[in-house]
Amino acid sequence: ALNDDNNLYAWGLNSSGQLGVGDNDNKDSLTLVDGSWGQIAVGYTHSLAIDLDKKFYSWGDNGYGQLGLGNNDNTNTPTQINDDNWTKIAAGAYHTLAIKEDGSLWSAGANEYGQLCDGTDDNNNTLHKINDEQWIDIAGGLDFTLAIKEDGSLWGCGRNDYGQLGKNDKYCDEISGKFILETAISYIYDANEIVGGRVILIETLNNKKLIKFYEDNGFKILQKRTDRKIDKETGEEIKVEYVQMFR
């Protein structure tokens, strides 16, 4: 957790040193991580952070080279990767993503499914450049990566057995953010944030339309369910419908 004073606190499982407090003992209370931090991201058992000087640090499990340090040794303290300036970081389960101040995209770690976006399926323990195009945001899931360019286009690479890249054979690797919004926005009831992950759950006002849209594009229903919630504007209890689909 990062507080308003740029202090970083960690607790919980620490078998690989992922808490960054100098040991591998589990913690059941908030423990201060040395440094002043501006941004953090966590994978399955590794952690990433950018300090107030825009320097990039990593620590924890490094079995796949996800710390980007040029080796596969775990570390239980924040370790600076290089002297460059960074603006965005993200962690997949076992891989690392970063955007440098010049807008270039970089990655390190596990790559069995091509989630490093470097055109190979080889793991890489060195943080390395993907390209010099202008990127503004990134997210990592389990074995896949999503990234947004400056022009607003959404790109993905890596594992896609459940349709986590948001594409099928009808689409090329670039998916227009405008297309997604124009197609789906009228079906979405309440969406605050999107991130990479293993399961997508969408709350909708009319899930029949949404189901048909995805079925037309090769998706199958995983589950549907109905629940009740309090409407934010009226304060009344309303029925909401959820749908999970996969490809």
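Conventions and cut-offs
- Residues numbered from 1 in each chain as written.
- Predicted model: local features only at pLDDT ≥ 70, side-chain atom pairs only at ≥ 80, totals over all residues.
- Heavy atoms only, no water.
- Helix = DSSP H or I, 4+ residues; strand = E, 2+ residues; numbered from the N terminus.
- Buried < 20%, exposed > 50% of the residue type's maximum accessible area, 1.4 Å probe, protein only.
- Areas by Shrake-Rupley, 256 points an atom, 1.4 Å probe, with all protein chains shown as cover.
- Contact = heavy atoms within 4.5 Å.
- Polar contact = N/O pair within 3.5 Å; in protein donor to acceptor, adjacent residues only side chain to side chain.
- Phe/Tyr/Trp six-rings, centres within 6.5 Å; stacked < 30°, edge-to-face > 60°.
- Salt bridge = Lys/Arg side-chain N within 4 Å of Asp/Glu carboxyl O.
- Pairing = 2+ DSSP bridges.
- Axes fitted to C-alpha atoms, helices over the stretch in contact; angles between N-to-C directions.

Glancing now at the overall build of the protein. For the protein, the helix and strand inventory stands at two helices and 17 strands. Looking at the protein as a whole, 41% of its 247 residues are labelled buried. In the form shown here, the protein has an accessible surface area of approximately 13500 Å², with 46% of it arising from carbon and sulfur atoms.

Here Lys88 lies in strand β7 (residues 86-91). Taking the C-alpha atoms as reference points, Lys88 and Ile136, separated by 48 residues in sequence, lie 7.8 Å from one another. Contacts of Lys88, omitting those with residues within four sequence positions, involve Gln39, Ile50, Leu97, Ala98, Ile99, Ile136, Asp137 and Ile138.

Counting through the fold element by element, Asn125 comes out in strand β10 (residues 124-131). Taking C-alpha positions, Asn125 is 3.6 Å from Gly65, a pair spaced 60 residues apart along the chain. Discounting chain neighbours no more than four positions away, the residues touching Asn125 are Gly65, Gly68, Leu69, Gly70, Asn71 and Asn72. In this structure the side chain of Asn125 is engaged in a polar contact, spanning 2.9 Å, whose partner is the side chain of Asn72.

Per the counting criterion, the structure on display carries seven aromatic pairs. Ring geometry for Trp37 versus Tyr57: centroids 5.2 Å apart, planes at 90 degrees, classification edge-to-face. Residue Trp37 is located in strand β3 (residues 37-42), and its partner Tyr57 is located in strand β5 (residues 56-60); the two are separated by 20 residues in the primary sequence. Using a relative accessible area of 2% as the deciding quantity, one classes Trp37 as buried.

Within the secondary structure, Ser107 is located in strand β9 (residues 105-109). Here Ser107 falls in the buried class, since its relative accessible area comes to 1%. Polar side-chain contacts of Ser107 include one of 2.9 Å to the backbone oxygen of Leu116. With residues up to four places along the chain from it excluded, the contact list for Ser107 reads Thr96, Leu97, Leu116, Thr126, Leu127, His128 and Ile130.

The next point concerns the side chain of Ser153. Topologically, Ser153 is positioned in the loop between β12 (144-149) and β13 (154-158). Under the relative-accessibility criterion, Ser153 is labelled buried at 6%. For Ser153, the side chain forms a polar contact with the side chain of Asp151, separated by 2.7 Å.

Under the counting rule described, the total for this entry stands at seven salt bridges. The partner of Asp84 in a salt bridge is Lys100, and the shortest N-O contact between them spans 3.1 Å. With Asp84 in the loop between β6 (75-80) and β7 and Lys100 in strand β8 (residues 95-100), the pair connects residues that are 16 residues apart, well separated along the chain. By relative accessible area, Asp84 is classed as partly exposed at 30%. For Lys100, a relative accessible area of 14% translates into the label buried. Lys88 is paired through a salt bridge with Asp137; the nearest N and O atoms lie 3.9 Å apart. A residue pair is termed long-range when its members are at least 10 positions apart, and Lys88 in strand β7 and Asp137 in strand β11 (residues 135-140) qualify at 49 residues. A residue is classified by how much of its surface remains accessible, and Lys88, at 30% relative accessible area, is partly exposed. Assessed through its relative accessible area of 31%, Asp137 is described here as partly exposed.

Our focus in this paragraph is the sheet that holds β5. Ordered by their spatial adjacency, four strands build an open sheet running β3-β4-β5-β6, and the pairing between neighbours is antiparallel. Since the sheet does not close on itself, it has two edges, and those belong to β3 and β6, each with one partner. For this sheet the average axis-to-axis angle between neighbouring strands, irrespective of direction, equals 20 degrees. Judged from the five bridges that link them, strand β4 (residues 46-51) and β5 form a sheet pairing that is antiparallel. Looking at the pairing, Ala49 lines up with Tyr57 of β5.

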